[in-house]
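Architecture and fold: a report
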Amino acid sequence: MNYWIQLSIEYANQRSYLDDLFRVYPTIPEGIRDIDSGLWKEIEKAFENHNNTALLENLLQLDLFPIKDSYVAYLKRDRESLKRNPATVARLGGRLYEMGLDEIYSRSSEPKETNRQIGPLFKRWLKKKSLGIEPMKLEDFLNTKGKCNFGSKRCRNDITRIKCNPKNFNRKAYGNVKDLILFYSKSESPTWNDPITPFTEEDIARLFKKIDKDGRKYTTIPLHAPGETVSGRTGQEWQGMKPPKGRHWRSEPEVLEQLDEQGLIEWSATGVPRKKIFADEKEGKKMQDIWEFKDSQYPSYPTEKNLNLLKFIIKASSNEGDLVLDCFCGSGTTLIAAQELNRKWIGIDKSEQAIKVAKKRLSEIPSSLFSRLDYEMLVQK
Ligand SMILES: C[S@@+](CC[C@H](N)C(=O)[O-])C[C@H]1O[C@@H](n2cnc3c(N)ncnc32)[C@H](O)[C@@H]1O
């Protein structure tokens, strides 16, 4: 069975399901439907004058027609049909006169069934993105299982973080050394300072296999890129050769000439030119979605996180002077990271112990010319 359906069934089998439902969807079982006073006057007038057509015309404008009759939906859809069907109008009119005005009012103003109240509520909430995500197609939803994709453009990554050294649990399961970090952004174009991580020795050995006469490690990449330039200069001949079919030179001929003069182009034995890329000129590589930031083995708070992890996240997604919020700040790792990176911050926690530890850790940050600790403490009793 689909994971979400299974969860819903398990939940619906709990004893307090209906009470919970009522708390989540605050419908109004006792509330009555409003009836427009102007419209009600017209109904009264038609009733007094025994004007069947006018009576039905006005009653059909109400949310709830006072008689349950299989023809009503048709009449509602096609109001002209009242003129074409005098017998039906007379039959319904007869039942209405029998019922009397008070009963007509009471039946037409009956509260909406809970289901009918919930429907529009849902639509309103979804439109407002109250759930923090955009509505998604049913089949996409059914294909998720707690994964961070929810069809939302705001969900950018689910990141695996290695949080500790391998453990030897005495249980029939694999050791758990990872956390899952879900990376969402509020806007479609969030602040993004693309984090680069330095190459490891293995990276360098794998990616930069060649060594030049000065002992510098390098690799080569093609001098051309996909896409043909028909009339542009990067589609023309350079050193007597055109770029291969369907491709163009990466730079204009004079730039290629300059690179060649500087010894930055390597020519193969068969005369194919490639650009040299040196390891010592590259800052590093793009950060991927498996991270290793282990938490302290001797934390000052049970769930204290690695400071460098928080610094890394804050640096990537904010700039100096920006505001960082951690509404479950615990021992304040996020706040310390934000403070040290010259961001403004707000931390919230319900635990007195957490606040005590956070304050102590904040007070231990050495102040510098550029970063001075200055914060206000608000307590809700
Ligand atoms: C996982 S810890 C945060 C740890 C933090 N990142 C650190 O480095 O220490 C979660 C914190 O959320 C707090 N918390 C849980 N529910 C809360 C609530 N409803 N309002 C405020 N704080 C809450 C807990 O007291 C706890 O300190």
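Residues numbered from 1 in each chain as written. Predicted model: local features only at pLDDT ≥ 70, side-chain atom pairs only at ≥ 80, totals over all residues.

1. A look at the overall build of the chain
Short version of the rule: The helix and strand labels rest on DSSP assignments: H or I over at least four residues marks a helix, E over at least two residues marks a strand, and numbering proceeds from the N terminus. Restricting the calculation to C-alpha atoms gives the radius of gyration, and the globule rule supplies 2.2 Å times the number of residues raised to the power 0.38. Once C-beta atoms are placed from the backbone, each residue is buried if 20 or more other C-beta atoms lie within 10 Å of its own, exposed if 12 or fewer, and partly exposed for counts between those two.
A count of helical and extended segments in the chain gives 15 helices and 13 strands. Its C-alpha radius of gyration of 35 Å places the chain more than 25% over the 21 Å reference for a compact globule of 381 residues. By principal-axis analysis of the C-alpha atoms, the chain measures approximately 110 × 70 × 50 Å. For the chain, the proportion of its 381 residues judged to be buried stands at 12%.

2. What about the sheet that holds strand E11 (residues 290-292)?
To be explicit about the condition: Paired strands are those between which DSSP finds at least two bridges. Comment: axis = line fitted to C-alpha atoms, over the contacting stretch for helices; angle = value between 0 and 180 degrees taken between N-to-C directions.
Strand order in the open sheet formed by three strands is E2-E1-E11, with mixed pairing between adjacent strands. Each edge of the open sheet carries a strand with a single partner, namely strand E2 (178-184) and E11. Going across the sheet, the axis of each strand differs from the next one's by a mean of 30 degrees, ignoring polarity. Alignment of strand E1 (residues 155-162) against E11, held across three bridges, turns out to be parallel. Directly across from Arg 161, in E11, lies its bridge partner Trp 291.

3. Remarks on unusual backbone geometry
The phi dihedral of His 50 is positive, around 50 degrees, even though this residue is not glycine. A positive phi angle is found at Asn 342, which is not glycine, with a value near 60 degrees. For Asn 342, the position within the fold is in the loop between helix H14 (333-340) and strand E13 (344-347).

4. Overview of the domain arrangement of the chain
Spelled out, the test is: Marked domain ranges trace back to an automatic or database domain assignment.
Once the domains are mapped, the chain shows domain 1 (3-30 + 114-127), domain 2 (37-108), domain 3 (138-195), domain 4 (206-281) and domain 5 (301-363). Computed from C-alpha atoms alone, the centre-to-centre distance between domain 2 and domain 3 is 58 Å.

5. Describing the nonpolar core
Note the cut-off: By our criterion, buried Ala, Val, Leu, Ile, Met, Phe, Trp, Tyr and Cys residues that link up through C-beta atoms within 7 Å make up a nonpolar core. The contact criterion used is a C-beta to C-beta distance within 7 Å, with each C-beta placed from the backbone.
By size, the foremost hydrophobic cluster in this structure holds 13 residues, and its most contacted members are Leu 310, Ile 314, Leu 335, Ala 337 and Ala 338. Looking at this core, the elements with two or more residues in it are helix H13 (307-317), H14 and helix H15 (352-363). Setting aside residues up to four positions removed in sequence, Ile 314 forms contacts with Val 324, Ala 337, Ala 338, Leu 341 and Arg 343. Counting residues in each nonpolar core, the second largest holds 12 residues, with Phe 65, Val 89, Leu 96 and Ile 104 among its members.

6. Topic: the packing of H14 against H15
Using the following cut-off: Reported orientations rely on four angle classes, namely roughly parallel under 35 degrees, roughly antiparallel over 145, roughly perpendicular from 65 to 115, and oblique for the rest. Each crossing gets its handedness from the near helix: less than a right angle anticlockwise from the far helix is left-handed, clockwise is right-handed. Only Asp, Glu, Lys and Arg are considered charged in this grouping, and only Ala, Val, Leu, Ile, Met, Phe, Trp, Tyr, Cys and Pro are considered nonpolar; every other residue, Gly among them, is considered polar.
Taken N-terminus to C-terminus, the directions of H14 and H15 make an angle of 25 degrees; their axes are 9 Å apart at the nearest point. Here H14 lies roughly parallel to H15, going by the angle between them. Considering only the axes of H14 and H15, their crossing is right-handed. Between H14 and H15, the contacting residues are Leu 335, Ile 336 and Gln 339 on the first element and Ala 358, Arg 361 and Leu 362 on the second. Of the residues assigned to the contact of H14 with H15, the class counts are four nonpolar, one polar and one charged.

7. Regarding the sheet that holds strand E8 (residues 265-267)
Read from one edge of the open sheet, four strands run E4-E5-E9-E8, paired in antiparallel fashion. Of all the strands in the sheet, the pair left with one neighbour each is strand E4 (210-211) and E8. Here E4 runs beside strand E5 (residues 217-222); their pairing, made up of two bridges, is antiparallel. What sits directly across from Lys 210, in E5, is Tyr 218.

8. What about the environment of Arg 216?
Relative to the assigned elements, Arg 216 resides in the loop between E4 and E5. Sequence separation between Arg 216 and Phe 278 is 62 residues, and the spatial gap between their C-alpha atoms is 7.0 Å.

9. Examining H13
What counts here: In this description, one arc is meant: the one made by directions from the helix axis to the C-beta atoms.
If you check which residues of H13 are buried, you get Leu 309, Leu 310, Ile 313 and Ile 314. The buried residues of H13 occupy an angular sector of 125 degrees when the element is viewed end-on, so they sit on one face. Considering only its buried residues, H13 is in contact with E1, strand E12 (323-326) and H14.

10. As for the packing of helix H3 (residues 37-48) against helix H4 (residues 52-59)
Between H3 and H4, the least distance of the axes is 8 Å, while the angle of their chain directions is 155 degrees. For the element pair H3 / H4, the angle class is roughly antiparallel. The handedness of the crossing between H3 and H4 is left-handed. In this structure, H3 contributes Leu 39, Glu 42, Ile 43, Ala 46 and Phe 47 to the contact, and H4 contributes Ala 54, Leu 55, Asn 58 and Leu 59. Here the residues of the contact of H3 with H4 sort into seven nonpolar, one polar and one charged.

11. Examining the pairing of E13
Where burial is concerned, the two faces of E13 differ: the one with Trp 345 and Gly 347 is buried and the one with Lys 344 and Ile 346 is not. Here E12 pairs with E13 via four bridges, running parallel. Looking at the pairing, Leu 325 lines up with Ile 346 of E13.

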